Amino acid sequence: MAYNLLLSWNNLDKLFLVHKNILSHLTEAVLLFNRNLELTYINSAGEILLADSKKHLLGLHANTLFRMSGSNLLIDLQQCLNQEDPLFDREIKFARLNQSCKVNISATPLFSNNQVNEVLVEIQQVDRQLRISKEEQLFAQQNISRLLIKGLAHEIKNPLGGIRGAAQLLELELKNGDLTEYTQIIIQESDRLKALMDKMLGPKKPAKKELMNIHEVLERVRQLVNIEANHKITLITDYDPSIPDLEADKNQLIQVVLNIVQNAVQAMHHKGRITLKSRILRQLTIGKKTYKLTAKIDIIDNGPGIHSDIMNHIFYPMVSSRADGTGLGLSIAQSLIHQHNGFIECESEPGNTIFSIFLPLVSDHEKD
Ligand SMILES: Nc1ncnc2c1ncn2[C@@H]1O[C@H](COP(=O)(O)OP(=O)(O)O)[C@@H](O)[C@H]1O
Ligand SMILES: [Mg+2]
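In this report, we go over the structure that sits alongside the text. (Residues numbered from 1 in each chain as written. Chains lettered and ligands numbered in written order. Predicted model: local features only at pLDDT ≥ 70, side-chain atom pairs only at ≥ 80, totals over all residues. Heavy atoms only, no water.)

Comments concerning the overall build of the chain
Next up, step 1: The number of helices and strands found in the chain is ten helices and twelve strands.
Next up, step 2: Computed over its C-alpha atoms, the radius of gyration of the chain comes to 28 Å, more than 25% above the 21 Å expected for a compact globule of 368 residues.
Next up, step 3: Principal axes of the C-alpha set define a box for the chain whose edges measure 110 × 50 × 35 Å.
Next up, step 4: With 368 residues in all, the chain has 38% of them scored as buried.
Next up, step 5: Put simply, of all contacts in the chain between residues at least 6 apart along the chain, 63% involve residues at least 24 apart.
Next up, step 6: Carbon and sulfur atoms make up 54% of the accessible area of the chain, which amounts to about 21,600 Å² in all.
Next up, step 7: Of the charged side chains in the chain, 40 are positive and 42 negative, and the gap between their average positions amounts to 3 Å. (Helix = DSSP H or I, 4+ residues; strand = E, 2+ residues; numbered from the N terminus. Rg over C-alpha atoms; globule rule 2.2 N^0.38 Å. Buried < 20%, exposed > 50% of the residue type's maximum accessible area, 1.4 Å probe, protein only. Contact = heavy atoms within 4.5 Å. Areas by Shrake-Rupley, 256 points an atom, 1.4 Å probe, with all protein chains shown as cover. Lys, Arg positive; Asp, Glu negative; His and termini not counted. Charge placed at Lys NZ, Arg CZ, Asp CG, Glu CD.)

Written as structure tokens, this is what we have:
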């Protein structure tokens, strides 16, 4: 009898652990409130949504928790308690810290002893789902255009060697020295075109990853830009020193950050302010994978901003607003960051352009 009891306690324990595990891996926030509308349970997604740990959140009144959210959630919860009916709110704005997102909220009264003693709240981030599918579409489109450009570059590069060689042979045969001016033009322009094709083909070498700290990359770029810009650009750093090391190709990351910073310097006509910022994000989904920890690097400038007519295409190859631009910098940067399982996104308005690089550090679980 005592043995049976022990066994069932063990099973209960296991069951509890399974449920706890499921709840903490849900991408939907789950919160439980008692009759006084004090928080008694919150899962990991809930902690991320409210941007605080359960240690600080448990026991807080719904009023304190949702005061800043700008939603009607408190009224919903009160109604749910009084009317004993479940409630559902679609696509409402939910503010947290200095960001806001769209959420679907459901509140379910939980009965015990014929009365509502608890309210279960589920909050699903709608724009997060939209963002993930938009990202996947963008990845695919950008990949296709990169492949097209690579194919084209190969086709152009192949006969270039022949053209250059023929011009050299011709030059040797020329009796009239004046005509070498023309063969020299063929040779120099072939070289220029070859250099451009090599750029279009992108990085030749696969990533050589090693354990490194992201701030080594940012500091190197800061030094390079300081020398190049002759201190006319004010470079501000705002680092989170707690970001753990990551496996990455340091030279490739320097190339990426330098490309983005140089674009900012060019857009600001070599005068202005650039901020290099690093932060750590928890439970971020990129493609089909959720990562426990992701480093986010922001490169912020106070220049004129990105032209609205190219804003949606800047990561595609050959998109440029500069007369001497190739439009390859950002496309190459995006493909290098893809090789590190991350992505780059951008927001821009006059006076505030932010390029954000997301680099996953620790993966959590594969989603289907
Ligand atoms: N920080 C920025 N501010 C304004 N425009 C930018 C910025 N970064 C990129 N751009 C725009 O994106 C375009 C594409 O950049 P990129 O791919 O590096 O090609 P390129 O530098 O050769 O033009 C630039 O021509 C510019 O119009
Ligand atoms: Mg560029």
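A few points about the pattern of salt bridges
Next up, step 1: Enumeration according to the criterion identifies nine salt bridges in this entry.
Next up, step 2: With a shortest N-O distance of 3.3 Å, Asp198 and Lys194 are connected by a salt bridge. Taken as a pair, Asp198 and Lys194 lie in helix α7 (residues 180-201) at a separation of four residues, close to a single helical turn.
Next up, step 3: The exposure class of Lys194 is partly exposed, given its relative accessible area of 39%.
Next up, step 4: Residues joined in a network through salt bridges with shared partners are Lys157, Lys194 and Asp198. (Salt bridge = Lys/Arg side-chain N within 4 Å of Asp/Glu carboxyl O.)

Here we look at the site of ligand 1
Next up, step 1: By nearness alone, 20 residues border ligand 1, and Asn263, Asp301, Ser320, Ser321 and Arg322 come closest of all.
Next up, step 2: Ser320 has a polar side-chain atom sitting 2.6 Å from an oxygen atom of ligand 1.
Next up, step 3: The backbone of Gly329 places a nitrogen or oxygen atom 3.4 Å from an oxygen atom of ligand 1.
Next up, step 4: In isolation ligand 1 offers 540 Å² of accessible surface; the protein chains occlude 95% of this area.
Next up, step 5: Spatially, ligand 1 is embedded in the second largest pocket.
Next up, step 6: Elements represented by at least two residues in the shell around ligand 1 include exactly α9 (250-267), α10 (329-338) and β12 (352-366).
Next up, step 7: Ranked by residue count, the leading element in the shell around ligand 1 is α9, at three residues.
Next up, step 8: A class-by-class count of the residues in the shell around ligand 1 yields nine nonpolar, nine polar and two charged. (Near = heavy atom within 4 Å. Polar contact = N/O pair within 3.5 Å; in protein donor to acceptor, adjacent residues only side chain to side chain. 1 Å grid on protein atoms, 1.4 Å probe; cavity = no way out; pocket = protein on both sides within 12 Å on 5 of 7 lines; lining within 4 Å. Sits in = over half its atoms within 2 Å of the grid points. Nonpolar A, V, L, I, M, F, W, Y, C, P; charged D, E, K, R; others polar.)

Looking at the side chain of Gln334
Next up, step 1: In this structure, Gln334 sits in helix α10.
Next up, step 2: Not counting chain neighbours up to four residues away, the residues in contact with Gln334 comprise Gln142, Arg146, Phe315, Phe343 and Ile344.

Quick word on the environment of Gly327
Next up, step 1: Examined against the element boundaries, Gly327 turns out to sit in the loop between β10 (289-301) and α10.
Next up, step 2: The spacing of Gly327 and Tyr316 is eleven residues in sequence and 7.8 Å in space, taken between C-alpha atoms.
Next up, step 3: Ignoring any residue separated from it by four or fewer positions in sequence, one finds Gly327 in contact with Tyr316, Pro317, Met318, Val319 and Ser320.

Re the layout of surface pockets
Next up, step 1: The space that makes up the second largest pocket amounts to roughly 870 Å³.
Next up, step 2: In terms of lining, the second largest pocket is formed by 36 residues, of which the most central are Asn259, Asn263, Gln266, Arg322 and Leu330.
Next up, step 3: For the lining of the second largest pocket, the secondary-structure elements that each account for two or more residues are α7, α9, β10, α10 and β12.
Next up, step 4: When the residues that make up the lining of the second largest pocket are grouped by side-chain class, the tally is 14 nonpolar, 16 polar and six charged. (Points joined across faces, edges and corners; volume = space filled by probe spheres on them.)

Some points on the side chain of Asn43
Next up, step 1: For Asn43, the location among the structural elements is in the loop between β2 (39-42) and α2 (44-49).
Next up, step 2: What makes Asn43 buried here is its relative accessible area of 1%.
Next up, step 3: Apart from residues no more than four positions distant in its own chain, Asn43 is found in contact with Leu23, Ser24, Leu26, Glu28, Ala29 and Val30.

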